[in-house]
Amino acid sequence: MERLHKYMAECGVASRRASEKLIQEGRVKVNGAVATLGQSVEPGVDRVELDGQSIVGRDAPPVYILLNKPSGFVTSAKDPKGRPTVLDCLKGVTTRVYPVGRLDLDVEGALILTNDGDLAHRLMHPSHEVPKVYQAWVQGRMEPETLTLFEKGILLEDGMAAPAKAEVLHEGPSSTLVQLTLHEGRNHEVKRLCAAVGHSVKHLKRVAVGQVRLKDLRPGEWRHLSEREVRLLKRTAGLKHAPTPRSKD
């Protein structure tokens, strides 16, 4: 027997803490009954469901997907408001995967989805400092001294933000395209950082997670990560990588 939240994390649903929250919200069922916090299950025997869909056992082949998330899609497996979710973009994928972290509804760009719970947890945890690269069109001209503020760290309402690499990619007459490389993953961090230095964000896109870049993926398109990309992600997250058979997805 194994604690339910631990089993869910190992199946790639979410981190242990996030899995506990899902259980508390009544979204998890075991053998048709709503699960309770602290409950144990027998892997391979008990049927575990999240939002009415079976959770794939940890013996399933690992799947690693990069999606160019379109604006207007919720970064979730299911949305109570009925809005489209990122899983709706994964046509042809039959293995249950889950988004790693979140992108706001209006934000586009690189989103990794996987059933590898260990990697997902480490990619999201700030202690592993996995870089995420964003490109933002902001209102106004961004001066060099403003870029220096990002690199020193900016005080937000929830504390001092870690230093971020910042560079201007393009300057227009009334807006600036700036690229920021962050390591923390706070909620709405790019928008809040830019607002703190006097620049509202007009359009935001994440172009890379670790060494995995969007390249020519169009919004709504996805692809499997290469063996090399998985190896680099795991190395960055402090995990050992052993080549594994591909899923049929």
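Residues numbered from 1 in each chain as written. Predicted model: local features only at pLDDT ≥ 70, side-chain atom pairs only at ≥ 80, totals over all residues. Heavy atoms only, no water.

Asks: Would you mind showing me how to read the sheet that holds strand S3 (residues 33-34) here?
Replies: Hydrogen bonds along the backbone pair up the strands of a sheet, which may run parallel or antiparallel. Here four strands make up an open sheet; going across it, the order is S3-S2-S5-S6 and the pairing antiparallel. Whereas interior strands pair on both sides, the edge strands pair on one side only; in this sheet they are S3 and strand S6 (53-54). (Pairing = 2+ DSSP bridges. Helix = DSSP H or I, 4+ residues; strand = E, 2+ residues; numbered from the N terminus.)

Asks: Looking at this structure, I do not really get the side chain of Thr-176. What am I missing?
Replies: Within the element layout of this structure, Thr-176 appears in strand S14 (residues 175-182). Within the structure, the side chain of Thr-176 is placed 2.7 Å from the backbone oxygen of Gly-140, a separation counted as a polar contact. A polar atom in the side chain of Thr-176 sits 3.1 Å from the backbone nitrogen of Met-142. When neighbours within four sequence positions are excluded, Thr-176 is seen to be in contact with Ala-136, Trp-137, Val-138, Gly-140, Arg-141, Met-142, Val-168, His-170 and Glu-171. (Polar contact = N/O pair within 3.5 Å; in protein donor to acceptor, adjacent residues only side chain to side chain. Contact = heavy atoms within 4.5 Å.)

Asks: Just checking my understanding: could you explain the nonpolar core for this structure?
Replies: One finds Leu-90, Leu-113, Phe-150, Leu-180 and Val-190 to be the most contacted residues of the largest nonpolar core, which totals 33 residues. Every element with two or more residues in this core is listed here: strand S7 (64-69), strand S9 (108-114), strand S10 (132-139), helix H4 (144-152), S14 and helix H5 (189-196). Contacts of Val-190, omitting those with residues within four sequence positions, involve Tyr-134, Ala-136, Leu-180, Leu-182, Val-201 and Leu-204. Among the nonpolar cores identified, the runner-up in size contains 17 residues, and Leu-66, Val-100, Ala-120 and Leu-214 belong to it. (Core = buried A, V, L, I, M, F, W, Y, C linked by side-chain atoms within 4.5 Å. Buried < 20%, exposed > 50% of the residue type's maximum accessible area, 1.4 Å probe, protein only.)

Asks: Even after reading the chapter, I still don't get the side chain of Thr-85, so can you show me in this structure?
Replies: Its location among the elements puts Thr-85 in the loop between S7 and strand S8 (98-99). Looking at Thr-85, the relative accessible area reads 4%, which means it is buried. Within the structure, the side chain of Thr-85 is placed 3.5 Å from the backbone oxygen of Ser-76, a separation counted as a polar contact.

Asks: What should I look at first to understand the pattern of salt bridges in this one?
Replies: Charged atoms that come close allow side chains of opposite charge to pair. Following the criterion strictly, the structure yields 14 salt bridges and no others. Between Asp-106 and Lys-191 there is a salt bridge, with its nearest N and O atoms 2.8 Å apart. Taken as a pair, Asp-106 in the loop between S8 and S9 and Lys-191 in helix H5 lie far apart in primary sequence, 85 residues in all. Judged by relative accessible area, Lys-191 falls into the partly exposed class, the value being 25%. Residues Asp-158 and Arg-192 are paired through a salt bridge, measuring 3.1 Å at the closest nitrogen-oxygen approach. Residue Asp-158 is found in the loop between strand S11 (155-156) and strand S12 (159-160), and its partner Arg-192 is found in helix H5; the two are separated by 34 residues along the sequence. Judged by relative accessible area, which is 16%, Arg-192 ranks as buried. Through salt bridges with shared partners, one network takes in Glu-157, Asp-158, Glu-184, Arg-186 and Arg-192. (Salt bridge = Lys/Arg side-chain N within 4 Å of Asp/Glu carboxyl O.)

Asks: What am I meant to see in helix H2 (residues 16-24) here?
Replies: Residues lying three or four places apart along an α-helix face the same way, a consequence of the helix completing one turn every 3.6 residues. Within H2 the residues assigned to the buried category are Ser-19, Leu-22 and Ile-23. Relative to the axis of H2, the buried residues are bounded by an arc of 100° and lie together on one face. Opposite the packed face of H2, turned more than 90 degrees from it, sit the exposed residues Arg-17, Lys-21 and Gln-24. Where H2 is buried, its residues meet helix H1 (4-10), strand S2 (28-30) and strand S5 (48-50). One or two positions beyond H2, positive phi appears at Gly-26, with a value near 75°. (Arc of directions from axis to C-beta.)

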